[in-house]
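Given next are the chains, with one letter for each unit.
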Protein chains: 2
Amino acid sequence: MTPSLVANGGVAACEAVAAPVTGRVAAVYSEVQSSRIDHALPLPSVLTKPFKVVDGPASSAAGNPDEIAKLFPNVFGQPSALLVPSDSDSALPQQKLKIGVVLSGGQAPGGHNVISGIFDYLQDRAKGSTLYGFRGGPAGIMKNKYVELNSEYIYPYRNQGGFDMICSGRDKIETPEQFKQAEETAVKLDLDGLVVIGGDDSNTNACLLAENFRGKNLKTRVIGCPKTIDGDLKCKEVPTSFGFDTACKIYAEMIGNVMIDARSTGKYYHFVRLMGRAASHITLECALQTHPNITIIGEEVAAKKQTLKNVTDYIVNIILKRADLGYNYGVILIPEGLIDFIPEVVQNLIAELNEILAHDVVDEGGLWKNKLTSQSLQLFDFLPEAIQEQLMLERDPHGNVQVAKIETEKMLIQMVETDLEKRRQEGSYNGQFKGQSHFFGYEGRCGLPTNFDSTYCYALGYGAGALLHSGKTGVISSVGNLAAPVEEWTVGGTALTSLMDVERRHGKFKPVIKKAMVELEGAPFKKFASLRNDWAINNRYISPGPIQFHGPASNALSHTLLLELGVQA
Amino acid sequence: MTPSLVANGGVAACEAVAAPVTGRVAAVYSEVQSSRIDHALPLPSVLTKPFKVVDGPASSAAGNPDEIAKLFPNVFGQPSALLVPSDSDSALPQQKLKIGVVLSGGQAPGGHNVISGIFDYLQDRAKGSTLYGFRGGPAGIMKNKYVELNSEYIYPYRNQGGFDMICSGRDKIETPEQFKQAEETAVKLDLDGLVVIGGDDSNTNACLLAENFRGKNLKTRVIGCPKTIDGDLKCKEVPTSFGFDTACKIYAEMIGNVMIDARSTGKYYHFVRLMGRAASHITLECALQTHPNITIIGEEVAAKKQTLKNVTDYIVNIILKRADLGYNYGVILIPEGLIDFIPEVVQNLIAELNEILAHDVVDEGGLWKNKLTSQSLQLFDFLPEAIQEQLMLERDPHGNVQVAKIETEKMLIQMVETDLEKRRQEGSYNGQFKGQSHFFGYEGRCGLPTNFDSTYCYALGYGAGALLHSGKTGVISSVGNLAAPVEEWTVGGTALTSLMDVERRHGKFKPVIKKAMVELEGAPFKKFASLRNDWAINNRYISPGPIQFHGPASNALSHTLLLELGVQA
């Protein structure tokens, strides 16, 4: 049942940095893990034959092109690159390449396949090339900590979840000193190229590295790859970030299960908080997959300037309607970052609390509360006691209130409960309410990648190899036409500067790739908005079941992607 | 992607009791759900041909046979029944049957298939028979609330999770008045038989009903079916309860994912609490499937009379050893019912607190604590503040401390953190500790049943039909030889009284089917115990991945079952 597999999976490369090197140990894989290793990955047909790169028109920026041009004098304005079939590969340099790869930020299913894709490209098209895996994220570049990847090393990680092949990290290459360290590594290893696998920040960083290397006349080219389960790094040319598909399907499996539980017992309201702090794409996708009774989308809350009381009222009203119909159960999805979308909380109450906590005495009697503005005081008094205490007691090293620590799902359960109790006493509610809280997060980041994420990542990596080989720098690997069969997927690179705008920080312009938020005018939200009233009252629950690698639904794309591509209505 | 299916799944039968009857609505199923409906279920070959029932020797009881004999004068001592091939079915009565079925207690994946199995038996072998589904558990019997099940009604529930076809309930048929109500229903519906699908309590109840019906000379026979994800209803003839397989695989998928997360980030200790209050089978099975660094088994804690401090020390010692090796991460499994296994908590502290809270004033200054025995005071002071507050504040309607509400995983994180901090100050710990808590429970109770649970349940139900048809009563449907191909599975019935012992309650003997606890001398625990020291220090993580319905591992049995059957070493 659990065949052994001699693999380097036993001790991850990054562990070995701190841990004593115990050598490669025999790791035991589950039957499903083992079967995935040899899962054959189709490639877009353009990558299976000789190709050449065709450049599009010069690019601009997502905003403030003049400022972006100033920040990136060497790489700004680059055309998008598209791979097209060619008679021969003769246009590509006939040389061995030295390439580095790094994983940056939180895990997303499929990262190992990006690396496998780069490796296989080099094996197939630039024999004798070397691939270095920088350990533990960007810090590995700065400290020149790496492992040379070969086929035996990579093999057990193929189609596997996690980032443990070379591990990741959250360091950034920001200061002149850090850029200098990166240069030193590039020179020392004689790198022709570097692939940075990461989210919006990491890809911005990749572009700064590309700019810097070119400015210093180093040969090292830099290619980005779009990674984040949050789904908030995307644009026309990069239809989705990898990991989103797998993570949403794992969460949707769990949500579907608790829906059946809710319907079977008839007595629980399941409040499910879903990972994804900045944008609510995961919550929206899970809603489209499962049809919950209530879904809160942070971007809508922000756009409508809703208060916590508005959100609570919305939930309570649906619960009241359902109670009238005899339904004392339901499922409610909440994005992890909800609190961050509520202006009254973030901009007012939190700021005022931080101020008071820094300068005033917080007396037991509560006189300190007089220092709050009346709106904030009203909000504070509206919060459940446990949350009030959490806000006052748990503070970060700078003494600030920690919004991130608030368990929003539990807070909402308490607020809803209080409200319903009030209505019960007024005689307007006669139902039963029992809230059950859930947080689905970590279990989705490191799952076995779906067939889609496996294939998509492999193409992203293989394409990144092709872009480097073709001399490109400062572009993000872009695989498109995803609703078509894999053979017809397009492969190319998009100028990273074309995704950028500037933000003013500490009096200086900083380049940023803007996070792609849920668009209230976009097809996924509009579809959701057109159906939610029906879902609220009628029980249209769908249970997607566990991710399948064979048979039904094993190659399904996310609803978000299908709707954004216009192939689902 | 999500084909519609006209089904009665839109409004569950039990909802309709309270909800206005909106008729059958079109329910939308996911692709995986749809594909499961028509999944072909193999039957043990003895059920596919003419059979007859062979009786074994007279049975006794698990304990106190004299008392059990007194409590069950009409059904005690019945032989076990085994179905064997026969030349013809002529021994079976050629009559139409009227059978009732009821789901009792918490959901377990596969319940719908037991019902499908009974239904199909009646269709195949006793054409024209009627199957009534009692709604909402035993209350449905007492109130004579039922739905007549036909093939259209049952169809969309085949191989689906949940209990929503007829829903379940936790009522018991206990008082003379309640037994009278059950009799009235049996007479009114002219029932030849009743199948009770439930756990240890419900099967005890099924036997009491069988005894009562026979004592009153009613023709209604009663058959039990072993249901519980907790896996604590089993014996030689009933190798496992249904639902255990699916629930453990769902939890193991999630545990495997957080393991990869732990290894990838290298900075979290994931404390995972797993459903299963009475016994730790789920935790043990998940450990065997995934190889966590630390696993707490409640039965071992109880047997060794461990204190909370012992448990904390055990965890801390492994964390210290791992820190020395450079591992500041890990995965720890904790059974939901841990607290109940710790004698000092349950027998002493809780009892003392209940006493004090009932009779004394709890003063702010803490003078009340002097009323605790010194051992309990020590334990109380050892508990994290949040847990102390929870114990003092949250009480049940009788004013008792609510042990069940304690989030054991969070409590342990706090206790470990405190201990490590102390050691850091003493200079004996230099690592990093970050605990992440998880509770996996509801998401496992209602998942799509695995191939094993689907097939096992179908055989249990089909077999229950055969037992009723053969005139049996007071037996539990027993399907055995489970490690062999399905065709070779054995089918029969085991006298429920043979599983019973008595407990003295309020001065009277009460019959009980003893919960099957984790046996410290049993094969599953011994295997775990022989490996855990290795797992603690080395990272032998296995990630089982999502449940598959086709291909690798799709027909795997649980480790617990394989070890108990002696087919895995």
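In this text, all values refer to a predicted model and were calculated from it rather than measured experimentally.

1. Structural notes on the overall build of chain A
When its secondary structure is counted, chain A shows 21 helices and 18 strands. On C-alpha atoms alone, chain A measures out to a radius of gyration of 25 Å, which is about the 25 Å that the 2.2 N^0.38 rule sets for 569 residues. Oriented by its inertia axes, the alpha-carbon framework of chain A measures out at about 80 × 55 × 50 Å. Burial status across chain A gives 61% buried among its 569 residues. Long-range contacts, defined as pairs at least 24 residues apart, comprise 78% of the intrachain contacts of chain A with a sequence gap of at least 6.

2. Let's talk about the confidence of the model for chain A
Residues and elements named next belong to chain A. Scored by pLDDT, chain A has a mean of 91; 95% of the residues are at 70 or more. For the stretch residues 1-13, pLDDT sits under 50, and the model shows 57 contacts to residues farther than four places along the chain or on other chains. The low-confidence segment residues 15-26 (pLDDT under 50) makes 28 contacts with residues lying over four places distant or belonging to another chain. Here the complex is predicted with pTM 0.94, and the ipTM for its interfaces comes to 0.93.

3. With respect to the environment of arginine 423 of chain B
For arginine 423 of chain B, the location among the structural elements is in helix H17 (residues 408-426). Distance from arginine 423 of chain B to valine 316 of chain B, taken between C-alpha atoms, is 9.9 Å for residues 107 residues apart in sequence.

4. Section: the sheet that holds strand S12 (residues 294-295) of chain A
Whether parallel or antiparallel, the strands of a sheet pair through hydrogen bonds between backbone atoms. Residues and elements named next belong to chain A. With parallel pairing, four strands are arranged side by side in an open sheet as S12-S13-S11-S14. Edge strands, defined here as strands with exactly one partner in the open sheet, are S12 and strand S14 (435-440). Relative to strand S13 (residues 330-335), strand S11 (residues 269-274) runs parallel, the two being bridged by six bridges. When the sheet's bridge partners are listed, tyrosine 269 is paired in S13 with glycine 330. Lying over the sheet, helix H10 (residues 281-290) contacts S11, S12 and S13, oriented at roughly 155° with respect to S13. Against the sheet, helix H17 (residues 408-426) makes contact with S11, S13 and S14, and its axis sits at roughly 165° relative to S14, the strand it touches most.

5. Considering the pairing of strand S7 (residues 146-149) of chain B
Residues and elements named next belong to chain B. Judged by which residues are buried, S7 turns out to be one-sided: Val147 and Leu149 face inward and are buried, whereas Tyr146 and Glu148, on the alternate face, are not. Across four bridges, strand S6 (residues 130-134) lies against S7 in antiparallel orientation. In the strand pairing of S7, tyrosine 132 is matched with glutamate 148.

6. Considering the pattern of salt bridges
Residue and element names in this part refer to chain A. Applying the stated rule across the entire model yields 61 salt bridges over all chains. A salt bridge links aspartate 192 to lysine 219, with the nearest nitrogen and oxygen atoms 3.1 Å apart. Here the residue aspartate 192 occupies a position in the loop between helix H7 (176-188) and strand S9 (193-198), and lysine 219 occupies one in the loop between helix H8 (200-215) and strand S10 (221-226), the gap between them amounting to 27 residues. Across the pair glutamate 300 and arginine 532 runs a salt bridge whose closest N-O atoms are separated by 2.7 Å.

7. Some details on the side chain of asparagine 113 of chain B
All names here are of chain B. On the secondary structure map, asparagine 113 appears in helix H4 (residues 111-125). For asparagine 113, a relative accessible area of 1% gives the class buried. Setting aside anything within four residues of it in sequence, one finds asparagine 113 in contact with Leu41, Tyr157, Arg158, Asn159, Gln160, Ser454, Cys457 and Tyr458.

8. Quick word on the interface of chain A and chain B
Between chain A and chain B, the residue contacts involve 75 residues of the former and 74 residues of the latter. Of the charged contacts in the structure, one is a salt bridge between aspartate 164 of chain B and arginine 263 of chain A, with a shortest N-O distance of 3.4 Å. Between chain A and chain B we count 26 residue pairs in polar contact (both at pLDDT 80 or more) in total. Of all the elements in the fold, those that place two or more residues in the side of chain A that touches chain B are helix H1 (13-18), strand S2 (26-28), helix H2 (31-37), helix H9 (244-265), S14, helix H18 (442-445) and helix H21 (559-564) of chain A. In terms of residues, the side of chain A that touches chain B owes the most to one element, H9 of chain A, which gives ten residues. Class assignment of the residues belonging to the side of chain A that touches chain B gives a composition of 37 nonpolar, 25 polar and 13 charged.

9. Focus on the packing of aromatic side chains
Residues and elements named next belong to chain B. Enumeration over the complete set of coordinates arrives at 32 aromatic pairs over all chains. For the ring pair tyrosine 121 and tyrosine 462, a centre distance of 5.4 Å and an interplane angle of 85° mean the geometry is edge-to-face. Of this pair, tyrosine 121 sits in helix H4 while tyrosine 462 is found in helix H19 (residues 451-469), placing the two residues 341 residues apart along the sequence. A residue is classified by how much of its surface remains accessible, and tyrosine 121, at 0% relative accessible area, is buried. Given the relative accessible area of 2%, tyrosine 462 is considered buried.

10. Looking at the relation of the copies chain A and chain B
Rotating chain A by 180° about the axis while translating it 0.0 Å along that axis superimposes it on chain B, leaving an RMSD of 0.1 Å. Considering both components of the superposition, the chain copies are consistent with a two-fold axis. Comparing interface residues between copies, 99% of those in chain A also sit at the interface in chain B, which points to an isologous, same-surface contact.

11. Details of helix H15 (residues 374-382) of chain B
All names here are of chain B. Along H15, the residues classified as buried are Ser376, Leu379 and Phe380. Summarising the axial view, the buried residues of H15 lie within an arc of 100°, below the 170-degree limit, and thus occupy one face. Exposed side chains of H15 directed beyond 90 degrees from the buried face belong to Ser374 and Gln378.

12. Details of the packing of helix H9 (residues 244-265) of chain B against helix H10 (residues 281-290) of chain B
In a packed pair of helices, the relevant descriptors are the angle between the two axes and the axis-to-axis distance. Residue and element names in this part refer to chain B. Between H9 and H10, the shortest axis-to-axis distance is 9 Å and the interhelical angle comes to 50°. By the criterion of interaxial angle, the relationship of H9 to H10 is oblique. For the element pair H9 and H10, the recorded crossing hand is right-handed. Across from Phe244, Cys248, Lys249, Tyr251, Ala252, Ile255, Gly256 and Met259 in H9, the residues of H10 making contact are His281, Ile282, Glu285, Cys286, Gln289 and Thr290.

13. Regarding unusual backbone geometry
The phi dihedral of histidine 506 of chain A falls on the positive side, at around 50°, and the residue is not glycine. Take histidine 506 of chain A: it is sitting in the loop between strand S17 (500-505) and strand S18 (508-513). A positive phi angle is found at asparagine 64 of chain B, which is not glycine, with a value near 50°. By secondary structure assignment, the location of asparagine 64 of chain B is in the loop between strand S3 (51-55) and helix H3 (65-71). According to the relative accessible area criterion, asparagine 64 of chain B is partly exposed, its value standing at 40%.

14. Considerations on the environment of aspartate 313 of chain A
All names here are of chain A. Its place among the elements puts aspartate 313 in helix H12 (residues 308-324). With a relative accessible area of 19%, aspartate 313 lands in the buried category. Sequence-wise, aspartate 313 and methionine 415 are 102 residues apart; in three dimensions their C-alpha atoms are separated by 9.5 Å. Those residues within four positions of aspartate 313 in sequence are excluded, and the remaining contacts are Asp419 and Arg423.

15. With respect to a negative patch on the surface
Together, Glu385 and Glu389 of chain A together with Glu385 and Glu389 of chain B line one region of the surface with negative charge. Listing elements by their share of the negative patch, those giving two or more residues are helix H16 (385-393) of chain A together with helix H16 (385-393) of chain B. In this fold, glutamate 385 of chain A is placed in helix H16. A relative accessible area of 59% places glutamate 385 of chain A in the exposed class.

Reading the values: the criteria
- Chains are numbered independently. Their residues run from 1 in the order of the written sequence.
- To label them, take the chains in the order written and letter them from A, then take the ligands in the order written and number them from 1.
- Residue-level local features of this predicted model are given only where pLDDT is at least 70; pairs of side-chain atoms are given and counted only at 80 or more, and the full residue set underlies all totals for whole chains, interfaces and linings.
- To get the side-chain values, all heavy atoms of the structure are used, and hydrogens and water are removed first.
- Helix and strand labels come from DSSP, where a helix needs a run of H or I of at least four residues and a strand needs a run of E of at least two; each type is numbered from the N terminus.
- Based on C-alpha atoms, the radius of gyration is set beside the globule rule, defined as 2.2 Å times the residue count to the power 0.38.
- Only protein chains enter the accessibility calculation, which uses a 1.4 Å probe; a residue whose area is less than 20% of its type maximum is buried, one above 50% is exposed, and one in between is partly exposed.
- We call two residues contacting when some pair of their heavy atoms lies within 4.5 Å.
- Residue-level confidence of the predictor is summarised by pLDDT, bounded by 0 at the bottom and 100 at the top.
- Think of it this way: DSSP has to see at least two bridges between two strands before they count as a pair.
- Axes here refer to lines fitted to C-alpha atoms; in helices the fit is confined to the stretch in contact. Angles between the N-to-C directions go from 0 to 180 degrees.
- The working definition used for a salt bridge is a side-chain nitrogen of Lys or Arg within 4 Å of a carboxyl oxygen of Asp or Glu.
- In the analysis that follows, any N or O atom pair within 3.5 Å is treated as a polar contact, provided that within protein one partner can donate a hydrogen and the other can accept it, and provided that, for residues neighboring in sequence, both atoms belong to side chains.
- Under the grouping applied here, Gly and all other residues not named as nonpolar or charged are polar, the nonpolar ones being Ala, Val, Leu, Ile, Met, Phe, Trp, Tyr, Cys and Pro and the charged ones Asp, Glu, Lys and Arg.
- Note on aromatic pairs: the rings of Phe, Tyr and Trp (six-membered ring only in Trp) are paired at centre separations within 6.5 Å, and the planes decide the class, stacked below 30 degrees, edge-to-face beyond 60, tilted for the rest.
- Superposition of the copies used a least-squares fit over C-alpha atoms from residues whose pLDDT is at least 70 in both.
- Note that the arc is computed from the directions linking the helix axis to the C-beta atoms.
- Orientation is classified from the angle alone, with under 35 degrees giving roughly parallel, over 145 giving roughly antiparallel, 65 to 115 giving roughly perpendicular, and any other angle giving oblique.
- Crossing handedness is defined as follows: a turn of the near helix away from the far one that is anticlockwise and smaller than a right angle gives a left-handed crossing, while the clockwise case is right-handed.
- The patch calculation keeps residues exceeding 30% relative accessible area without a salt bridge and links them within 9 Å when they carry like charges or within 5 Å when they are nonpolar (Val, Leu, Ile, Met, Phe, Trp, Tyr).
- Values of accessible area rely on a 1.4 Å probe in the Shrake-Rupley scheme; residue burial ignores everything except the protein chains shown.
- Only four residue types enter the tally: Lys and Arg on the positive side, Asp and Glu on the negative side, with His and both chain ends excluded.
- Positions of charges follow a simple convention, taking NZ of Lys, CZ of Arg, CG of Asp or CD of Glu.

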